[in-house]
Amino acid sequence: MDIIQVKMLQAPAVFKNDEQIIFPFRKAEALFYYLIVNGQATRDELVDLLWGEVEEETAKKNLRHAMYKIRKAFDMDIIISPQKSTVMVNPDIKIETDLQRFFNDQEEGIAAYGGEFLQGFLVKEGEKFEEWMFRNREYYRDLYISKLYEKVNGCRERGENRKVEHYAKLLMDTDPFDERAYRILIESYGREGAYHKAVELYHRLTEVLDRELGITPDAETKKVYEETLTKRGKEEKGSGRWKANVFFYGRHKELKFLEEQYMDFVQNQGAKSILIMGEAGIGKTKLKEKFLENVDNQHVYILQANCYQAEEGYPLKPWNQILADLGEIIRRERIEIPQLWKNIVLHLFPIFDVEGATASHNPVEGIDRVKYQVAEEAVLEIFRKVAGKRKVLLIFEDLQWMDTMSIGLLSFLLRHQDTKQILLIGTCRNGYGKKIEPFLTTMIKDQRMEKVVLSRFTREEVEEFIEQALPHYVITREMKNRIYRETEGNAFFLMELLNTMKEKGTIGEISGKAQDILKSRIIDISEEGMKLLNIASLFFDKVTLDMIHTISGKDELELLDILEELQNRYILKEVDHGEEISFEFTHHKLREFIYGLQSPARRKILHNRIGKILEKSLRNDYRDKYVYSKLIYHFSNGGNKLAALKYRIKNLDDYSDFSHELFPILYDEEMDEEKYACLNQEESIKYLKDLEEELKEVKRTEKEKEEITRLEIAFYHTKGRYCIQEGEYHFGVEAIQKMIESAEKIGDFVYMLKGYRQMIYYGIQIHHTDLMQEYLSKGLKLAQRHHHQKEMGILLRLQGLQKLMVGRYEEAEETLKQSIHIFEALSKQEDRYALNIAAAYNYIGEIRRHNMKFSSALHYYDKAMHICDEKKVFRGITLFNTNAGQAAFDMGDYHRAKSYFTKAIETYRQVDTLLGRSTAEGYMALLLIREGKYQEALDYLKSAEAYAKKLQSPYELGLIYRVKAEIKIQMEANDEVRRVFQEYLPLPPKAYCDKGIELLCGVKGCYEVDILKALRRDKD
């Protein structure tokens, strides 16, 4: 049965069985909407509504014509006229509208209202229709607002604050000048204690009213706001707390400089990024926080992240939070980002989940990894896109712990922002070291950054600090001098000492060491409080309430009471971390001090316990990579070398793009084996060597032989893939062979299959069909024995490729169709095998091409590329376009060939892929010669030959000689071609033909051999 869906509470749209109906003209569409709303109408009513300005006879003719066109558009009698004078919607047709849901469903009614009635819909010369439309629009809008207030009132009575806030925000979106909604939301924030949100909301209302209407909020709104502020004041006074973060002393010059740079930034006047520098505890973070208090986030997006010493060795770790927040902004603000940029950035940062459900990949074969430089460009372009809506203030704490690649990305962003849309505010300790020094030197030299160096407070400043911090205490000059001597003007120690004085109500005795100042801060904390501090100190960043609960075994309510004590003492603070409740130390020195108080044995036991708890949270998908650094940290400090090594290997596997695979299996929520282009070659080699040494050490000291064997297997798998990727075939194959041998010994069929596949991929690269067949036979038997359908599908596809490569075309096509059949069956359960199907279509295209059925080949290549477009991925596009380009070229369609090769080369420049690249660039050289672009053709030929030599594929090398032979023949007939190519191609055409034939004779069914023989005959 046909289903018609009509959306009118937004920009209107009509669908029949999920396909959109396109109306032939506006008045026909208007007629349809009018009848949908009213059910039926008289012909006179409709004529008057839409054609009242023309003669009656013409108007009625127009009505009949419109009804006919509507029926034709739907291909059904959706509009009928049972009586001559009446027109109505056919009651026998099922029609679903958002208006029905809006009126009939109390729960979904609000969700059904997606916007104004017939939003953006206008009818030329249809004043009466527009009067009807605007009247209904106003009515539905008022009814929607009424429904929202009904919901708000019900939720307020039930104390459901979150829902109150949700519906109040919807009210504000519908009518930004309705102060009732603002009052409701301010009151709700007050009840929750979110006073900063209430203040921000009131200021936003004041700004909107002043800008748009030239008025101020009414008396009732001001009253609600003032009552909320009064409530905040009473709570803070009644709490008896003296929050150190409320108090701020000095740094006026530095603060003013920060504010001046910020104002220049907002006003496009050439601001410089700022690095706040100084020793630990000097007040860098306090200065940054004080500055941020006065930053209006209506003008800028604020993106913040911390760098941690424990994560210093993990590439791009500090950027994860930045990209996660950036993705959230893009979703919230509905900023359009090109799909290619999203895909590229997702390779580096799976957490950059703009769609809300990351499409992830399980690679299968080929070579296609994202170039890091391209990923940098994509990140920059996304920042530019976001900054085009609102400037970006980028905050990084503790830059001295930032890894090399993160520094590189930060430098790239700051150097390439042409419109000054990104401003960095960073903090960094003195003695920052070699890693960050080149970055700072370059930034300062290029006038892009300035340092703000914080010094310790002088004796006079310490005295003033004490007087302002403790205005009700009488402190002698001698005591002030003594405080200065003990703290040496360091802001952190000064504040901690004064906190102790405030809490104890007396000055008391001051010891002679900074350590003792810290000890005095915790000396009278309860025993249970100290237990929690000991647990929290084991975490280098923050600790969740759930984790504290799991480790301590205490009831959550009891924990919250203890944690409140620690917050009141300003030792711990709550951190806003999504839905999780998390806590961290107010200063890293407090954490380090409390951590140092625990015995090594206690720390070791607890670190191990935490590591095992974190292991249970692993999900076997892309999210695990964010936990690996924590697991390594805890297991390393817990002395668990085996577990630490296990996650170091996994971490390398995730942070190095060793992907030898071209056609992935798409996952909706998982990233089984997708790799990210992060480590450069030097870092990768060093990491591999370090891991190999650790593996040897673990083998000497640990007794868990099978576990060590599994680690060896994982390590050799990683090493083998990397070496083969880099063209180090000897070391790569040796590592994969060791991996297979070890996996066979312990019967690990999953790794055995992975090893077999790596050897097959190696065989593809070097065109070694016997090697491919050896491991295909092993893999197919093993997959069949374990009923592993996915592996069967992959291996049958590769078997089809192998048969294609040896010229057994009929068998190859039959095998490929078996593979497609398996993946189509699997796709009914999980829609993630489309690219394997695309790969099979590509190989069928290759069969057709090798049989010189070029038109049929292009049909299959286009099918493969359509799947890539549909799934919005670029992996595979390189090879599909290259193959299609060859087919088009050899059938003489040079225009189409150039289109394919251009697309291939554009994508090759974005990925680190060798397979097919020399072919695309070699053929492009021939096409450019046809266009008279001889120098550009030479550049392409040189590049093509370099890629072919690196790949070492006899087929691709043979094709290069075909290209050389064809160019050499053209040199004899064209003086300009000869002038450009004579140095590069000094041999006669026959020499290039002979070498090409020699290389291609080893490739079964290669019609290019006949082309070369024909070229040679012509020159004999």
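Residues numbered from 1 in each chain as written. Predicted model: local features only at pLDDT ≥ 70, side-chain atom pairs only at ≥ 80, totals over all residues. Heavy atoms only, no water.

- If you check an unreviewed UniProt entry, the protein appears there as Bacterial transcriptional activator domain-containing protein from Thermotalea metallivorans.

**Digging into the side chain of glutamate 1008**
Working step 1: Tracing the backbone shows glutamate 1008 in helix α45 (residues 1008–1019).
Working step 2: Apart from the residues lying within four places of it in its own chain, the contact partners of glutamate 1008 are Arg849, Gln886, Tyr923, Tyr955, Leu959, Arg962 and Leu1000. (Helix = DSSP H or I, 4+ residues; strand = E, 2+ residues; numbered from the N terminus. Contact = heavy atoms within 4.5 Å.)

**Let's talk about the pattern of salt bridges**
Working step 1: Scanning the entire structure with this criterion turns up 61 salt bridges.
Working step 2: In this structure, aspartate 218 engages arginine 183 in a salt bridge whose closest nitrogen and oxygen atoms are separated by 3.4 Å. Of this pair, aspartate 218 sits in the loop between α9 (195–212) and α10 (219–238) while arginine 183 sits in helix α8 (residues 179–192), placing them 35 residues apart in sequence.
Working step 3: Classification of aspartate 218 as partly exposed rests on a relative accessible area of 32%.
Working step 4: When its relative accessible area of 10% is taken as the criterion, arginine 183 is described as buried.
Working step 5: Among the salt bridges present, the one from glutamate 220 reaches arginine 183, with a minimum N-O distance of 3.7 Å. Taken together, the residues span a long stretch of sequence, with glutamate 220 in helix α10 and arginine 183 in helix α8 at a distance of 37 residues.
Working step 6: On the accessibility criterion, glutamate 220 (49% relative accessible area) is partly exposed.
Working step 7: Connected via shared salt-bridge partners are Glu527, Glu528, Lys531, Lys554 and Glu558. (Salt bridge = Lys/Arg side-chain N within 4 Å of Asp/Glu carboxyl O. Buried < 20%, exposed > 50% of the residue type's maximum accessible area, 1.4 Å probe, protein only.)

**Looking at the packing of aromatic side chains**
Centre distance and the angle of the planes are the two values used to describe a pair of aromatic rings.
Working step 1: All told, the structure shown has 34 aromatic pairs when counted by the stated rule.
Working step 2: Where tryptophan 319 meets phenylalanine 383, the ring centres are 6.4 Å apart and the plane angle is 85°; that geometry is what we call edge-to-face. Here tryptophan 319 is found in helix α13 (residues 319–333), whereas its partner phenylalanine 383 is found in helix α15 (residues 372–387), with 64 residues between them in sequence.
Working step 3: Using a relative accessible area of 0% as the deciding quantity, one classes tryptophan 319 as buried.
Working step 4: Positioned above the aromatic ring of phenylalanine 102, the side-chain terminus of lysine 147 is 5.2 Å from the ring centre.
Working step 5: For lysine 391, the ring lying beneath its charged end belongs to phenylalanine 265, and the centroid distance is 4.8 Å. (Phe/Tyr/Trp six-rings, centres within 6.5 Å; stacked < 30°, edge-to-face > 60°. Lys NZ or Arg CZ within 6 Å of the ring centre and 35° of its normal.)

**Comments concerning the environment of tyrosine 1007**
Working step 1: Mapped onto the secondary structure, tyrosine 1007 falls in the loop between α44 (989–1000) and α45.
Working step 2: Residue classification places tyrosine 1007 among the buried residues on the basis of a relative accessible area of 3%.
Working step 3: A C-alpha to C-alpha distance of 8.9 Å links tyrosine 1007 and arginine 849, two positions 158 residues apart in sequence.
Working step 4: The contacts of tyrosine 1007, once residues within four sequence positions are left out, are Arg849, His850, Met852, Phe854 and Asp890.
Working step 5: A distance of 3.0 Å separates a polar atom in the side chain of tyrosine 1007 from a polar atom in the side chain of arginine 849.
Working step 6: At 2.5 Å, the side chain of tyrosine 1007 and the side chain of aspartate 890 are in polar contact. (Polar contact = N/O pair within 3.5 Å; in protein donor to acceptor, adjacent residues only side chain to side chain.)

**Structural notes on the confidence of the model for the protein**
Working step 1: Confidence along the protein averages 83 in pLDDT terms, with 89% of residues attaining 70 or more.
Working step 2: Mean pLDDT across the elements of the protein bottoms out in strand β18 (residues 665–667) (35) and peaks in helix α40 (residues 917–930) (95).
Working step 3: Contacts for the low-pLDDT stretch residues 236–245, under 50 throughout, to residues beyond four places or in other chains number 14 contacts.
Working step 4: The low-confidence segment residues 656–679 (pLDDT under 50) makes 152 contacts with residues lying over four places distant or belonging to another chain. (pLDDT = per-residue confidence, 0-100.)

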